[in-house]
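# Structural description and commentary
The residues making up each chain are set out below.
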Amino acid sequence: VRMVMEARYHPGEDAAVFRQVFVDGSTNASTGDRRCDVEHMPWIGCDWKGVTSSFPSFSLPEEGSRSEELGWLMFYGEHLNDAHNDTHRGPRVGRWQRGESIPDGLLAGPLAIFNKSGAALVISPLTKPMASSLSQSPDGDVSWGVMGGVLDVPKGYTISHIVHGGRGINQAFHKWGTLMLEYYGNPRKMQRVPRGSGGFVETHLGYETDNGAYYYYNPMASTDMGGTLDTLGSYFEQLALPVRWANLDSWRYFKGPGTTGGEGVPMAGGAKNWSTDPSMVNDAEKGLNNLHVSHKWDYMAHNRWWQNVTDYAIENGGKFPFLLESESKAYPGNGFALPQGEDFWNFIMDYGKQWGLTLYEQDWLWVQFLGMEATTRTVHAAEDWLDELTNAALAHNITVQYCMALPRHALQAAKAPAVTQIRTSDDYGPGVRDGQWRIGRSSLLASALALASYKDEFLTTNQNETGGRLKGPEPFPLLQAAVATYSLGPVGFADGIDFINKTLLMRSANAQGEILRPDMPLVALERAYLDEVFSGVGSDDWPSGDTRVEIWASKTVIGNNLWLHVLVADIARPQKPMSVLEILDAVSLPSPPSEEFLMIERPVESFSSSEIRMTRISLDTPIDLPVAPLPGFRLLHIVPAPPAAAAAAASAPSVGKEKEAPSSSATFALLGELDKWVPASPQRIVRADSHDGNDGHHGHQGHHSMSITARGAPGESVSLSFARVEANGTLSLVSVECPVGAAGTVVVTVPENGCMHG
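As a starting point, this report considers the structure included with it. Owing to the predicted nature of the structure, the values given are computational and were not obtained by experimental measurement.

### As for the environment of Tyr-402
Summarising the element assignment, Tyr-402 is placed in strand S21 (residues 399–402). Sequence separation between Tyr-402 and Tyr-454 is 52 residues, and the spatial gap between their C-alpha atoms is 9.5 Å. Once you skip the residues sitting within four places of it in the chain, Tyr-402 turns out to touch Gln-362, Leu-365, Leu-386, Thr-390, His-409, Gln-412, Ala-413, Val-419, Gln-421, Ile-422 and Arg-423.

Here you go:
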């Protein structure tokens, strides 16, 4: 077999690209190493090991042969977080040394190699991720190439892999993700999806009916699912709860014979026909459209894997070409189908648009991929399938969510602007999967590729929701709501009609239901990986026990104003303190925006304004992490300090409400809307102006006067808080409450503590 191997270094990007070209193609190339364990891993079934080609390839060093120890981290398995392996929620980690078993095969994803300071290399496919794989040889070498199941490689076929280096694990991943998106010319950005691209599902509060929800295949008495949704919609309006979308799960459409097992096991029941079942929604599509119009809802609509009995296939009397396979090696007893060509997907998207579809959820991705010979034994079938789906969605202004994805699906999304979000958790399941909220580690891969990190729905109370498909109770409703809000994915609740906690839901949104979000999902601090690799974990810590320290960070930038957000949960015993520098590394801000900061915390249980704590800290001030067992958690917000505070002695601050206008020597820093999970979001704060100049950087977030333009529903009350620092360093809190004007905006001013409407 003639091949060309080419390596190119791109110094401006700290990256190298390794390219393989199959000049003459290759036949009978498969490694033949298919490994099936249907009994013990029925949700996976079979994996293919080895690669048919190898470039690049690395040899693991002998233990102690290097001057510094190295670790590795890999995003592996289902939902990007190894969802079915209770000992590894999030990427797998270990020592980069000979004798270490590096996960390989079709479930393997991007790999990072790092030292104790966090300096890291990220290695992944750059092109053809659906056909790529990683392999570890018996002598320990780790190689990348075409996946081991592929039989024939076409003449001239090319596949490339990328290696990028960065000074921190999180920074390396974020820069790597930027390079991936730039390579494909993908304009996807993390923030602020506009109305009309994904509709309200991307931006507003919604209601869910999928696995884990109260009404999942469980309509109200004496009605169908359409009637249930109609009753709920009327109740939301009565409650003045601004729900703007609904999730339509697999109950809506026709499945093939059999029933679907739990935890993703496909015991038949794939998609047969995606039209609406009139036994579930009266008048089918017309009924859905009536709900869409009457309640002003958009829809997130779900789909499973395609079963070989699908009505759409030409062989079954339909109009579209499909690849049909009668017996799956990975899932015995099941037949699969794969659409061929963009015409089919244009038909599906046209159909959905008729009744309000704005976000198409492609679920069961790993089952569709692993279950077919076509997708695992050719280089093109899986890539073509996803290209055709996402191209049609883009043409119809419909966004796509990837669910039950493997890491390769996330990489494939780098070339697909229509894909805006990816599930990074197992299915929600109160009382069944109570660790499902732990997405801070898996969110790093989603965030790097500018994908929202969807957590799935949640219940808003800790009651036994009697009559529901899953009754609960939900042990952590506050934590679930906060994590969903910070995920940047859809925020949808799933309670029964008698159990909805409106107060909790409105911490996430404005009066119109628009979710108030940061600029990036919460991601784990790098210590999550460094400590586990180089320090080890105790016998009562994750992955051996029931607890695992969760310290995650996010950020918001509006104009020259910066906010850092930190969520701290499941601290079973005191941890080493963190610092602002560590938080900045986590959110990939390499240049400190200031030397001095203010840290704000209020109790998450009550959001009581009388218990707000405001503390002066510097870049390296130790921030204590005391014991914080579940269900409790902490939410900290950090902003650059006003100049007067930076110059003042670091004495304990005096914090209190202040209504009088301060002296002209006082300076202010905007803290934000402290009664929301995210106090400063671009959905609320349009602009933050100072009238005494600024140095043009995020630092010195203090001014003698400020005017903040906020948006919301006309008449909605917005309360913004500011830190005020007198010339002598005295620190206090100023809160100004203003109604939003008829035009949907209000300007809040200090020191006047005024409200202005345009």
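### Some remarks on helix H4 (residues 284–294)
Looking at H4, one finds that the buried residues are Ala-284, Gly-287, Leu-288 and Leu-291. Buried residues of H4, viewed axially, fall in a sector of 100°; they line one side. Within H4, the exposed residues directed more than 90 degrees away from the buried face are Lys-286 and Val-293. As for H4, its buried residues are in contact with helix H3 (225–239), strand S14 (245–248), strand S16 (271–276) and strand S17 (298–303). Immediately downstream of H4, the backbone of Lys-296 shows phi near 60°, a positive value.

### Here's the deal with the side chain of Asp-570
Along the chain, Asp-570 turns up in strand S27 (residues 561–571). Separated by 2.8 Å, the side chain of Asp-570 and the backbone nitrogen of Arg-548 make a polar contact.

### Things to note about the sheet that holds strand S9 (residues 120–125)
Taken together, the seven strands give an open sheet; going across it, the order is S1-S2-S12-S9-S8-S6-S7, and neighbouring strands pair in antiparallel fashion. Lying at the two open borders of the sheet, with one neighbouring strand each, are strand S1 (3–10) and strand S7 (92–95). Each strand of the sheet is rotated relative to its neighbour by a mean of 15°, with strand direction disregarded. When strand S6 (residues 71–76) meets S7, the two strands line up antiparallel, connected through four bridges. By the bridge assignment for S7, Gly-71 is matched with Arg-95. Against the sheet, helix H13 (residues 527–535) contacts S6, S7 and strand S8 (108–114), and its axis sits at roughly 40° relative to S7.

### Description of the state of the cysteines
Inspection of the entire model under this criterion finds two disulfides. What pairs with Cys-36 in a disulfide is Cys-46, and their sulfur atoms sit 1.9 Å apart. Of note, the bridge from Cys-36 to Cys-46 carries an S-S torsion of about 105° and is right-handed in sense. Placement of Cys-36 in strand S3 (residues 34–36) and of Cys-46 in strand S4 (residues 46–48) is noted, with a sequence separation of 10 residues between them. Residue Cys-36 is classed as partly exposed on the basis of its relative accessible area, which comes to 43%. Its relative accessible area of 5% is what places Cys-46 among the buried residues. Between Cys-738 and Cys-755 runs a disulfide, and the two sulfur atoms are separated by 1.9 Å. In this structure the cystine formed by Cys-738 and Cys-755 twists about its S-S bond by roughly -80°; its chirality is therefore left-handed.

### Things to note about the packing of helix H5 (residues 342–353) against helix H8 (residues 381–395)
For the pair H5 and H8, interaxial distance at closest approach is 8 Å and the crossing angle is 40°. Between H5 and H8, the interaxial angle falls into the category oblique. You can see that H5 and H8 cross each other, and the crossing is right-handed. Contact residues: Glu-342, Trp-345, Asn-346 and Met-349 in H5; Trp-385, Glu-388, Leu-389, Asn-391, Ala-392 and Ala-393 in H8.

Reading guide: rules and limits
Residues numbered from 1 in each chain as written. Predicted model: local features only at pLDDT ≥ 70, side-chain atom pairs only at ≥ 80, totals over all residues. Heavy atoms only, no water. Helix = DSSP H or I, 4+ residues; strand = E, 2+ residues; numbered from the N terminus. Contact = heavy atoms within 4.5 Å. Buried < 20%, exposed > 50% of the residue type's maximum accessible area, 1.4 Å probe, protein only. Arc of directions from axis to C-beta. Polar contact = N/O pair within 3.5 Å; in protein donor to acceptor, adjacent residues only side chain to side chain. Pairing = 2+ DSSP bridges. Axes fitted to C-alpha atoms, helices over the stretch in contact; angles between N-to-C directions. Disulfide = S-S within 2.5 Å. Parallel < 35°, antiparallel > 145°, perpendicular 65-115°, else oblique. Left-handed = near helix turned anticlockwise from the far one by under 90°.

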